[in-house]
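These are the residues of each chain, in order.
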Amino acid sequence: TIRVEVDNSFSEASALHKPNDYYTYGGIIRSCAFEMLGDCYIKNVKFTPLYSDGKWSGRIVATVVNLSDTDKTVDLSVNLCDKTTEFKNITLKANETVNVEATQSYENVKVWSHKTPNLYYITSTLYENGDVKEQATATETFVGYARTYKGVDFASFYNEAEGYDYCYNKWV
């Protein structure tokens, strides 16, 4: 059973204690979500495409969390453009969060633009003792994006000197 208690009182202690012309004191007024998490889970995976000397590569930064009271050892694989980046034997102490990172080269990628919206699937898989504990798939592009999966926040601008868009999308 999941129970949500909401205090709908209108007072100086509330965030919006002044009368207004919209309804704010009727319970939960914004989206909320519940997520079942295992002892260890992928908090996020950030991929930043890099273009240098006519070649594409990408920086992968992944955050893995151990919610249990015991130490755990896990493996993480991140697959993009038919290339898999492996993070083996990640040691997580009890209740610890760990970041792992690597840079991978990618060949024959097609650049994203509004005229050619080429997308690639990026799949992250967390293993414990060889068993899949979590798997997440999202889409990725090659235009200079730095993106983190899970959450909400977006900004974008065009860099004329480099000739392509830079975007940052952080989901928390």
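Residues numbered from 1 in each chain as written. Predicted model: local features only at pLDDT ≥ 70, side-chain atom pairs only at ≥ 80, totals over all residues. Heavy atoms only, no water.

Caption draft 1: Geometry of the packing of aromatic side chains. Under the counting rule described, the total for this entry stands at six aromatic pairs. Here Tyr51 and Trp56 contribute two aromatic rings whose centre-to-centre distance is 4.7 Å and whose plane-to-plane angle is 50°, an arrangement assigned as tilted. A relative accessible area of 43% means that Tyr51 is categorised as partly exposed. Ring geometry for Trp56 versus Phe142: centroids 5.4 Å apart, planes at 75°, classification edge-to-face. Of this pair, Trp56 sits in strand β2 (residues 55–66) while Phe142 is found in the loop between β7 (131–140) and β8 (145–148), placing the two residues 86 residues apart along the sequence. The burial state of Trp56 is the same as that of Phe142; both residues are buried. Ring-pair connections join several aromatic residues into one group, and the members of that group are Phe47, Tyr51, Trp56, Tyr106, Tyr120 and Phe142. (Phe/Tyr/Trp six-rings, centres within 6.5 Å; stacked < 30°, edge-to-face > 60°. Buried < 20%, exposed > 50% of the residue type's maximum accessible area, 1.4 Å probe, protein only. Helix = DSSP H or I, 4+ residues; strand = E, 2+ residues; numbered from the N terminus.)

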